Amino acid sequence: MKFNFQLKKLNKNNFQRKNYGKVLTVRLPCNPIFPIGPIYLIDHIHKCFPDLEQQFIDLAIIPPNKVPKYLKRKIDQFRPHLIIFSWRDIQIYAPVDGRSGNPLQNSFEVFYSKNIFKKIRGSWGGLKLIVSHYSEIYRNTSLVKMGLKRAQKYNKGIKVILGGGAVSVFYEQLGSLLPKGTVISVGEGENLIEKIIRGISIDQERCYLAGQKPRNKLIHEQPSTTLKTACNYKYIKSIWPEFNWYIEGGDYYVGVQTKRGCPHNCCFCVYTVVEGKKVRVNPVDEVIKEMKQLYELGVRGFWFTDAQFIPAKKHIKDAKILLQAIKDQGWRDINWAAYIRADNIDPELAQLMVDTGMSYFEIGITSGSQELVRKMRLAYDLKTVLNNCRMLVKSGFKNHVSVNYSFNVFDETPSTIKQTIAYHRELENIFGKGLVDPAIFFIGLQPHTLLEKYALDNKILKPNYNPMSMMPWTARKLLWNPGNLGKRLGEICLEAFDNKEDEFGKTVIDILEREYGRSSLKESLTVRSLSERRLANLKK
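Residues numbered from 1 in each chain as written. Predicted model: local features only at pLDDT ≥ 70, side-chain atom pairs only at ≥ 80, totals over all residues. Heavy atoms only, no water.

Q: Give me the lowdown on the overall build of the protein chain, citing residues and values where you can.
A: Across its full length, the protein chain carries 21 helices and 14 strands. Principal-axis analysis of the C-alpha atoms gives the protein chain an extent of 90 × 55 × 45 Å. Counting across all 540 residues of the protein chain, residues that qualify as buried make up 55%. In the protein chain, of all internal contacts separated by at least 6 residues, the share reaching a separation of at least 24 is 75%. Treating the 81 positive side-chain charges of the protein chain as one cloud and the 53 negative ones as another, the clouds have centres 8 Å apart. (Helix = DSSP H or I, 4+ residues; strand = E, 2+ residues; numbered from the N terminus. Buried < 20%, exposed > 50% of the residue type's maximum accessible area, 1.4 Å probe, protein only. Contact = heavy atoms within 4.5 Å. Lys, Arg positive; Asp, Glu negative; His and termini not counted. Charge placed at Lys NZ, Arg CZ, Asp CG, Glu CD.)

Q: Explain the nonpolar core residue by residue, including any values.
A: In this structure, Phe309, Trp336, Ile340, Phe361, Ile363, Phe407 and Phe431 are the most contacted members of the largest nonpolar core, which totals 146 residues. Counting residues per element, this core draws most heavily on helix α18 (residues 483-498), at 7 residues. The contact partners of Phe431, leaving out residues within four places of it in the chain, are Phe361, Ile363, Cys389, Val393, Phe397, Val401 and Val436. Formed by 17 residues, the second largest nonpolar core is a distinct cluster that contains Val23, Ile161, Ile193 and Cys207. (Core = buried A, V, L, I, M, F, W, Y, C linked by side-chain atoms within 4.5 Å.)

Q: Please give an account of the pairing of strand β1 (residues 22-27) that cites residues and values.
A: By the criterion of burial, β1 is predominantly enclosed, with 5 of the 6 residues buried. Crossover β1 to strand β2 (residues 53-58) through helix α1 (residues 36-48) is right-handed. (Right-handed = clockwise from strand over helix to strand, strands pointing away.)

Q: Talk me through the pairing of strand β13 (residues 401-406); I want residue IDs and the actual numbers.
A: Buried residues dominate β13, accounting for 6 of its 6 residues. Of the two faces of β13, both are covered, the one formed by Val401, Val403 and Tyr405 as well as the one formed by Ser402, Asn404 and Ser406. Summarising the sheet, strand β12 (residues 358-366) and β13 pair through 4 bridges and their orientation is parallel. Residue Glu362 lies in a different strand from β13, and its bridge partner there is Ser402. Where β13 and strand β14 (residues 436-441) come together, 6 bridges link them in parallel fashion. Looking at β14, one finds that Ser402 is bridged to Asp437. Of the crossover connections in this fold, the one passing from β13 over helix α15 (residues 414-431) to the parallel β14 is right-handed. (Pairing = 2+ DSSP bridges.)

Q: Any chance you could break down the packing of α1 against helix α6 (residues 190-198) for me, citing the residues and the numbers?
A: The geometry of α1 relative to α6 is characterised by a closest axis approach of 10 Å and an angle of 40° between their N-to-C directions. When the interaxial angle is binned, α1 and α6 end up oblique. The crossing of α1 and α6 is right-handed. Packed against α1, whose contacting residues are Tyr40, Leu41, His44, Ile45 and Cys48, the element α6 presents Glu190, Ile193, Glu194, Ile197 and Arg198 at the interface. Class assignment for the residues of the contact of α1 with α6 results in 6 nonpolar, 1 polar and 3 charged. (Axes fitted to C-alpha atoms, helices over the stretch in contact; angles between N-to-C directions. Parallel < 35°, antiparallel > 145°, perpendicular 65-115°, else oblique. Left-handed = near helix turned anticlockwise from the far one by under 90°. Nonpolar A, V, L, I, M, F, W, Y, C, P; charged D, E, K, R; others polar.)

Q: Any chance you could break down the sheet that holds β12 for me, citing the residues and the numbers?
A: Here we have 6 strands laid out as an open sheet, ordered β7-β10-β11-β12-β13-β14, and parallel in their pairing. Both edges of this open sheet fall to β7 (254-256) and β14, since each of them pairs with a single strand only. In this sheet, adjacent strand axes meet at a mean angle of 25° when their direction is disregarded. Here strand β10 (residues 301-304) pairs with strand β11 (residues 335-339) via 4 bridges, running parallel. Across the sheet, residue Gly301 finds its bridge partner in β11, namely Asn335.

Q: Let's hear about the confidence of the model for the protein chain: which residues, and what values?
A: When pLDDT is averaged along the protein chain, the result is 89, and 92% of the positions lie at 70 or above. Contacts of residues 1-17 to residues separated by more than four positions or lying in other chains number 19 contacts, the stretch itself having pLDDT below 50. (pLDDT = per-residue confidence, 0-100.)

Q: Can you lay out the pattern of salt bridges for me, pointing to particular residues and giving the numbers?
A: Across all of its chains, the model carries 34 salt bridges by this definition. The partner of Glu503 in a salt bridge is Lys506, with the nearest N and O atoms 3.9 Å apart. The exposure class assigned to Glu503 is partly exposed, which follows from its relative accessible area of 42%. Through salt bridges with shared partners, a single ionic network connects Lys487, Arg488, Glu491, Glu495, Arg514 and Glu515. (Salt bridge = Lys/Arg side-chain N within 4 Å of Asp/Glu carboxyl O.)

Q: How would you explain the packing of aromatic side chains if you had to name every residue and give the values?
A: Counted by the stated rule, this structure contains 22 aromatic pairs. An angle of 20° between the planes, with centres 5.2 Å apart, marks the rings of Tyr295 and Trp331 as stacked. Here the residue Tyr295 occupies a position in helix α10 (residues 284-296), and Trp331 occupies one in the loop between α11 (316-328) and β11, the gap between them amounting to 36 residues. Across the pair, exposure class does not vary: Tyr295 and Trp331 are buried alike. Measuring from ring centre to ring centre gives 6.3 Å for Phe397 and Phe431, while their planes differ by 80°; the resulting arrangement is edge-to-face. (Phe/Tyr/Trp six-rings, centres within 6.5 Å; stacked < 30°, edge-to-face > 60°.)

Q: Before we move on, can you summarise the environment of Leu28 with the specific residues and values?
A: If you trace the backbone, Leu28 turns up in the loop between β1 and α1. Its relative accessible area of 0% is what places Leu28 among the buried residues. Each C-alpha atom, one on Leu28 and one on Leu349, is 38 Å from the other, the two residues being 321 residues apart in sequence. For Leu28, the contacting residues outside a window of four places in its chain are Leu59, Phe85, Ser86, Trp87, Asn140, Leu143, Val144 and Leu162.

Q: Break down the side chain of Glu362 for me, citing the residues and quoting the values.
A: Mapped onto the secondary structure, Glu362 falls in strand β12. For the buried residue Glu362, which engages in no salt bridge, the nearest side chain bearing the opposite charge is Arg341, 11 Å off. Among the polar contacts listed, one links the side chain of Glu362 to the side chain of Tyr360, at a separation of 2.8 Å. Here the side chain of Glu362 touches Asn404 through a polar contact of 3.0 Å, side chain to side chain. Beyond its immediate chain neighbours, meaning those up to four positions away, Glu362 contacts Tyr339, Ile340, Ser402 and Asn404. (Polar contact = N/O pair within 3.5 Å; in protein donor to acceptor, adjacent residues only side chain to side chain.)

Q: A description of a nonpolar patch on the surface should follow, citing residues and the corresponding values.
A: On the surface, a cluster of nonpolar side chains totalling about 350 Å² of accessible area is made up of Ile116, Phe117 and Ile120. Inspection of the secondary structure puts Ile120 in helix α4 (residues 116-152). (Patch = residues over 30% accessible without salt bridge, like charges linked within 9 Å, V, L, I, M, F, W, Y side chains within 5 Å. Areas by Shrake-Rupley, 256 points an atom, 1.4 Å probe, with all protein chains shown as cover.)

Q: Outline unusual backbone geometry, listing residues and values.
A: Here Thr366, not a glycine, exhibits a phi torsion of approximately 75°, which is positive. Along the chain, the position of Thr366 falls in strand β12. Positive phi outside glycine occurs at Ala379, with the angle close to 60°. Here Ala379 lies in the loop between α13 (370-375) and α14 (382-394).

As structure tokens, then:
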């Protein structure tokens, strides 16, 4: 008698076909922002496998002391075959008050304050932030381990997938902290999860298994295309009893995605590698169907979650078609907002933006110096931005504008600071001083970015540094503010923190103008010739 058994090695290239009859999706604790990423995953699974049973739990809205018991109880009740964990963020350096205090103020008090009591306060605040940071990482990885162990009581073949924004950025560091065999997903997860459920090889997907080494430059691989259709919110509500938590308050913006991808190459931004450079526009009819469902559920505030709502001039037409479709719905009581490149607007689009209820406008120029904007590879034309802002005001826009400034990124000098002041004052002239809110950022250096490459090439960082580290000797390098100018900027920020009568950003701008003055607007919009720049560098 012959026995002919085929033995197959089980690894990520060859998953044994399992019956994933029940899928539990879990958003790990974070700030309570509408969980559009996990919702889109769940919707995609339902469209591919309508008979598969799903549940969703959002731990962001559960009191922290009740999270472990809540997760255990849900697993005991549902007994899933597959658990998908979503980890939204690892906020190492927030520009404003984070979940455990203000990291910018704490670090600047330690690094730059001359007052011993402020140094002590900053050290104490920094210590609490360090404890909080590592506690969050430990808590979330522990929840993944606990969820796996609990589910194994009911299904020995349980599989765990971990994805989300934090995982995409720090996937190389998180692998050693998770149970072996956990599927670590980078970027979009729809196709990956569909293949796992179907028992198809995931060798070509942007993922790896905990306990193994990821492919080199995994995050730089381009994502596979997913056809996006309107999310079925009737189904989402049926598997997520707490859905109304985000609706009943009335002040939450609910996310709607109109496209994926970003074609730009900004030196400090990780979006372009996470989402890929190819812009994939969702069908307008499907976006409207999704918004219509939300509108009928009582939603009046929409946040278009695209990396950029109008990524390039060729997408102006796409934006017009979508906004005209929104206008045709007759929704006079909605507000919407998005990240918008202010250089990609024309008069017709500006009018549509105002007519359809754009309530918030963010100008992410980073600097008011065209020379620095070019060095940071932001691809903005600052003169065009000003002209388009005038166009918006002419079209009737009267709401607040947020302008992002990240001082001291590349080759910042007193001259470029004066140029930024001149540019900011011109924005105030256009919109009105009370409506322009400067948001002061100091870049938190992130892996997989051009800024990280610059730091490594110039030996500011060591090749084996840990980007998740909050130790002071690493933190000072990752909170990007180098050199003597960095020290002065730190002191200015500390002075601004002491001013309780005005907003931090506006105070910083006022102090910078007091200290350095203001250039002409023409200077801020001009890029010097290469020979002039070389001469200036030699004189430093």
